[in-house]
Amino acid sequence: MNDVVSLTGALGYAVIALAAAVAWWSARPLVVGSALRRSGENQARVRGRGALEAFARLDTLVIDPIGSITDGEPRVVGVEPIDPEHDRSLRWFAGALQHGEDDPVAKAVSRLAGRGGATNVQRLPGIGVLGTVDRHPVRVGSPEWIGVEAEDDGWGKILAVEVDGRAMGRITVADAVRDQAPTAVAALVADGYQIVLAAPGEAAARHLAGAVPGATVVSTSERSSAEVTQGLRGEGRQVGSVGRARNPVAIPTLDAPVVTDALAPEAIGVEMTDVAIHHVAAVLRLLRGARGRLRSMRQAVLVVAAAGFVALLFTPTGPPDIAATSVAVLAMPAALAAPLARWS
């Protein structure tokens, strides 16, 4: 009889211990999955052992701005006709002439107009393109070629437009800063992050410094992104990086977490379909809160397990013993669900 009682008690302890172990290890995927479901359209996925803890420690983000702070695709950001009455004509003739071009800048200009009757098109590499649009001779290219004054700061590309032998104005094409970028960067700074933008050149650095207040902007023509990251680490900062994998300005992952659209197999971080900075900010905020939620869930599991062990210790053997074990095991899902329910 004593052997049966002893076996019943030992089995109860074993069942509670097993349930607690399963609940403990289930907590992390549950809390991460809940956080990423809440990210909605951001389509994020956490990868790598220790990624959650690494993101919780971050205090600095080195960001490749192309595709994150900016749109990542050239677009027309300025149309300046010499005569304001010619604004529509400037857009029409320049856009119609550039249809069919593979160059990203030409594609951006082509969106200004529908497909016109462009004929006799000639492309002069490094200079521009000329042709005939609706029987009007048109040239689109460098301001020097057209004879138009233009102050080029190197951030965007300025094209001059000539129709019927007369200069009509300028078109500026650039990778424009996202409308949401200043607000998203301000939110990250408010959350305690130092934001460092690794700009691809001096002109880009000047442009971004004015467009995104709150961020520290460095030019990679002076220091590579690897040197920037190493310098910050030397100051004791916990550094992570954000950027698109295909960008020419490479942000090194080293052993720090990275947010990107194509995460390397050995890296730890978050893989997102879109690394626009406002999406990144939303996901980082969720992940930072996820660590605290994970800790709460595991503490709840330990409390329930300890209560179950104490109940078995003082509960008579037999049906009450089995009931105490059942209650402790059934309480495990509640220990996991309560913190998640409050978070959601």
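Numbering of residues begins from 1 in every chain and follows the order in which that chain's sequence is written. Where totals are concerned, whole chains, interfaces and linings use all residues; where local detail is concerned, this predicted model gives features only for residues with pLDDT of at least 70, and gives and counts side-chain atom pairs only at 80 or more. Side-chain descriptors were evaluated using all non-hydrogen atoms of the structure, hydrogens and water having been removed beforehand.

Draft legend 1. Representation of the sheet that holds strand β9 (residues 194-199). Pairing is mixed in the open sheet, where 7 strands are placed in the order β1-β13-β12-β11-β2-β9-β10. The sheet is open, and its two edges are formed by β1 (44-47) and β10 (216-219), each paired on a single side. Across the sheet, the mean angle separating the axes of adjacent strands is 20 degrees when strand polarity is ignored. A strand pair is defined by DSSP finding two or more bridges across the two strands. Starting at the N terminus, helices and strands are each numbered in turn, a helix being any DSSP run of H or I of at least four residues and a strand any DSSP run of E of at least two. Where strand β2 (residues 60-63) meets strand β11 (residues 239-242), 4 bridges bridge the pair, whose relative direction is parallel. In this analysis, axes come from line fits to C-alpha atoms, helices being fitted only over the stretch in contact, and the angle between any two N-to-C directions falls in the range 0 to 180 degrees.

Draft legend 2. Spatial organisation of the pattern of salt bridges. We count a salt bridge whenever a side-chain nitrogen from Lys or Arg sits within 4 Å of a carboxyl oxygen from Asp or Glu. Evaluated as defined, the whole model comprises 7 salt bridges. Among the salt bridges present, the one from Glu271 reaches Arg45, with a minimum N-O distance of 2.8 Å. Of this pair, Glu271 sits in strand β13 (residues 269-272) while Arg45 sits in strand β1; the two residues are 226 residues apart in sequence, bridging distant segments of the chain. With relative accessibility at 16%, the residue Glu271 sits in the buried group. Residue classification places Arg45 among the partly exposed residues on the basis of a relative accessible area of 44%. For Arg75, the salt bridge is made with Asp71, and the minimal N-O distance between the two is 3.0 Å. Note on classification: 1.4 Å probe, protein chains only; a residue is buried when its accessible area is under 20% of the maximum for its type, exposed when over 50%, partly exposed between these limits.

Draft legend 3. The sheet that holds strand β3 (residues 75-81), seen in detail. Taken in spatial order, the 6 strands line up as β3-β8-β7-β6-β5-β4 in an open sheet, and their pairing is antiparallel. Every other strand in the sheet has two partners, leaving β3 and β4 (118-124) as the edge strands with one partner each. Sheet twist, expressed as the average angle between the axes of neighbouring strands with direction ignored, equals 20 degrees. Across 7 bridges, the pairing between strand β7 (residues 157-163) and strand β8 (residues 166-174) is antiparallel. Its bridge partner lying in β8, Val163 is registered against Arg166. Across the sheet, helix α3 (residues 87-98) lies against β3, β4, β5 (128-133), β6 (136-141), β7 and β8, angled at about 105 degrees from β5, the strand it touches most. Residue contacts follow a heavy-atom distance rule, with two residues in contact if any of their heavy atoms lie within 4.5 Å.

Draft legend 4. Up close: the nonpolar core. Judged by nonpolar contacts, the single largest core of 59 residues is most densely connected at Leu61, Ile69, Ile195, Val270, Ile277 and Met332. Residue contributions to this core peak at 13 residues, all from helix α9 (residues 277-314). Excluding anything up to four places from it in sequence, Met332 contacts Ile16, Ala19, Ala20, Ala23, Val301, Val304 and Ala305. In plain words, nonpolar cores are sets of buried Ala, Val, Leu, Ile, Met, Phe, Trp, Tyr and Cys residues tied together by side-chain atoms within 4.5 Å. Core analysis: the second largest hydrophobic core is formed by 19 residues, Val79, Ala108, Val129 and Val140 among them.

Draft legend 5. Layout of the side chain of Ser219. Along the polypeptide, Ser219 turns up in strand β10. Those residues in contact with Ser219 that lie beyond four places of it in its chain are Ala199, Gly201, Glu202 and Ala205.

Draft legend 6. Geometry of helix α7 (residues 202-211). Of the positions making up α7, those classed as buried are Ala203, Ala204, Ala205 and Leu208. In this structure, the buried residues of α7 make contact with β9 and β10.

Draft legend 7. Representation of the pairing of β7 within the structure. For β7, a buried count of 6 out of 7 residues is recorded, marking the element as mostly surrounded by other parts of the structure. Pairing geometry for β6 and β7, over 4 bridges, is antiparallel. Bridge pairing in β7 links Arg139 to Glu162. A loop of 2 residues connects β7 with β8, the two strands running antiparallel in sequence, and Asp164 in this loop sits at a positive phi of about 55 degrees.

Draft legend 8. A look at the packing of helix α6 (residues 181-190) against α9. Orientation of α6 relative to α9, taken along the N-to-C sense of each, is 25 degrees, at an axis distance of 8 Å. Judged on the interaxial angle alone, α9 and α6 are roughly parallel. The way α6 lies across α9 gives a crossing that is left-handed. The segment α6 lies against α9, with Ala181, Ala184, Val185, Ala187 and Leu188 engaging Ile277, His278, Ala281, Leu284 and Arg285. Three classes are used, and their members are as follows: Ala, Val, Leu, Ile, Met, Phe, Trp, Tyr, Cys and Pro are nonpolar, Asp, Glu, Lys and Arg are charged, and the others, Gly among them, are polar. Broken down by class, the residue content of the contact of α6 with α9 amounts to 8 nonpolar, 1 polar and 1 charged. For classification purposes, angles smaller than 35 degrees are called roughly parallel, those larger than 145 roughly antiparallel, those between 65 and 115 roughly perpendicular, and all remaining angles oblique. Throughout, a crossing is termed right-handed when the near helix is turned clockwise from the far one, and left-handed when it is turned anticlockwise from it by less than a right angle.

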